[in-house]
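As a plain string of letters, each chain reads:
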Amino acid sequence: MENAYVLELSESKFKDLFLCSCGFAQCEPLHGFGPAVRPNFLIHYIMEGRGYYQTGGQRYCLGAGEGFLIEPEVLTYYQSDKEEPWSYLWIGFAGRHAKEYLADLGLNSRQLTFCSSQGKEFKHLILEMLKCQKDSVTGQYRLQSLLYGFFELLSRDLVFREGELSLENFYIERAVSYIRNHYSEELKVADIAKYLCVDRSYLYKLFKHNLQMSPKEFLTSFRISRSRELLCVTQLSIENVALSCGYQNALVFSKAFKQNVGCAPTVYRKKHEKEMKQNKMLP
C-alpha cells in the first residue's frame, strides 16, 4: 500500500457511537488485506479504481462510487484490481448503538455494499478528521461531530446493490457464524460439519469453492487474526492469548502464529507498541 494516511484512537469518552480510526490510501495492484477480523465496524468507500470484497461466502466486485461494510468479528478479505488498483477512504467506529444507526441507513449483515455520490464530501470530511488534535477536548468533540456528519452524508443518497443468498452461501454463513461463536473452544472441523449436518468432504468443497481455503485454514486464519488484536489491545500473557483463541498449548499457538504472520507473538506485540509510540510523536 502507498500514500496511506491514518488516524487511530485508543479510547473515547462517547458511548453510543464513537470513532476508532479513519484514513485513505492509494493501493498497489493486487494489494490485499486479510483474511482478518476486526473489533469494530468499518466502512470503505472507493474513490477510484476497482477491486473485490469477500466475506461469508459472498464475493463483491466493486468500483468507484461504491462502498462496503465490515462487521465486527467477521472474517473478511479485500483486494485491489491488477489493472485498475483502487484508492479508498475508510472510517472505523463502534458504540452500543452503532449497529442500530447502520440499520437506519439500511446497512446490515444482509446488505453489506452500497453506492453513493458523496465521494468528494466523504474525502473532505476524512481530511478534516485527520487534522484534528485527538488528545484535546476540543478535538474529541470535533471528531464526534464529523463522525455524525459522515452518517448524515451516507443517508443522503444511499443506493443498494442487489444480491441473493444461494444454498452454498447459506451453509458458508452458518459455518462462519459457528466459528465466530466457538473459535475460543477446542473446535474441530468435524464439529462444524456436524453442526451443519453435512459431511466433511462437502464442507471442504464449500470452503474451497467459496473462500479459496479449507475449513481448517479458515479456522486457523480466524484464530490468528483474533490473536493479533488481543496482542495489540490487551496485556494478556501469550499463554492467555493462546487460550482465548482456542489453543490449549502456547507453543503450538506460537508456531501457528509465526507460520501465518512471519514472526513470534512477542515480537509482533513489541513492533505494534513501537509503532504506537512513534505515531504519538507525529504532529
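Our structure's up above, just so we're on the same page.
Residues numbered from 1 in each chain as written. Predicted model: local features only at pLDDT ≥ 70, side-chain atom pairs only at ≥ 80, totals over all residues. Heavy atoms only, no water.

A. Seen up close, the packing of aromatic side chains. Tallied over the full model, the rule gives 21 aromatic pairs. Their ring planes at 80° and their centres at 6.2 Å tell us that Tyr-78 and Tyr-88 sit as a pair that is edge-to-face. Placement of the pair is Tyr-78 in strand E8 (residues 76-80) and Tyr-88 in strand E9 (residues 87-94), with a sequence separation of ten residues. For the pair formed by Tyr-78 and Tyr-88, the shared burial category is buried. Consider the rings of Tyr-178 and Tyr-195, whose centres lie 4.2 Å apart with planes at 15°: the pair is stacked. One end of the pair, Tyr-178, is in helix H4 (residues 167-182); the other, Tyr-195, is in helix H5 (residues 189-196), with 17 residues separating them in the sequence. Given the relative accessible area of 36%, Tyr-195 is considered partly exposed. (Phe/Tyr/Trp six-rings, centres within 6.5 Å; stacked < 30°, edge-to-face > 60°. Helix = DSSP H or I, 4+ residues; strand = E, 2+ residues; numbered from the N terminus. Buried < 20%, exposed > 50% of the residue type's maximum accessible area, 1.4 Å probe, protein only.)

B. Molecular detail of the sheet that holds strand E5 (residues 50-55). Read across the open sheet, the four strands follow the order E3-E8-E5-E6; overall the sheet is antiparallel. Bordering the open sheet on either side are strand E3 (32-36) and strand E6 (58-63), each of which pairs with just one other strand. Pairwise comparison of adjacent strand axes, ignoring direction, gives a mean angle of 15° for this sheet. (Pairing = 2+ DSSP bridges. Axes fitted to C-alpha atoms, helices over the stretch in contact; angles between N-to-C directions.)

C. Focus on the nonpolar core. Among the nonpolar cores identified, the biggest contains 43 residues, and Ile-43, Ile-91, Phe-93 and Met-129 are the most heavily contacted of them. When contributions to this core are tallied by element, the ones reaching two or more residues are strand E2 (18-26), strand E4 (41-48), E6, strand E7 (66-70), E9, helix H1 (98-105), helix H2 (119-131) and helix H3 (137-157). For this core, the element with the highest residue contribution is H3, accounting for seven residues. Discounting residues that sit within four places of it in the chain, Ile-91 has contacts with Leu-19, Ser-21, Cys-22, Phe-41, Leu-42, Ile-43, Ile-126, Met-129, Leu-147 and Phe-150. (Core = buried A, V, L, I, M, F, W, Y, C linked by side-chain atoms within 4.5 Å. Contact = heavy atoms within 4.5 Å.)

D. Looking closely at the side chain of Ser-116. Residue position: Ser-116 is located in the loop between strand E10 (113-115) and H2. For Ser-116, a relative accessible area of 7% gives the class buried. Excluding residues within four positions of it along the chain, Ser-116 makes contact with Tyr-45, Gly-65, Phe-122, Asp-157 and Leu-158.

E. View of the side chain of Ser-80. Structurally, Ser-80 can be placed in strand E8. For Ser-80, a relative accessible area of 1% corresponds to the buried category. For Ser-80, the contacting residues outside a window of four places in its chain are Cys-27, Glu-28, Pro-29, Leu-30, His-31, Arg-50, Gly-51, Pro-85 and Trp-86.

F. Layout of the state of the cysteines. For the structure on display, the rule yields zero disulfides. With no disulfide of its own, Cys-115 lies 13 Å from the sulfur of Cys-61, the closest cysteine sulfur. Residue class for Cys-115 comes out partly exposed when judged on its relative accessible area of 23%. Free cysteine Cys-232: the closest other cysteine sulfur is in Cys-263, separated by 10 Å. (Disulfide = S-S within 2.5 Å.)

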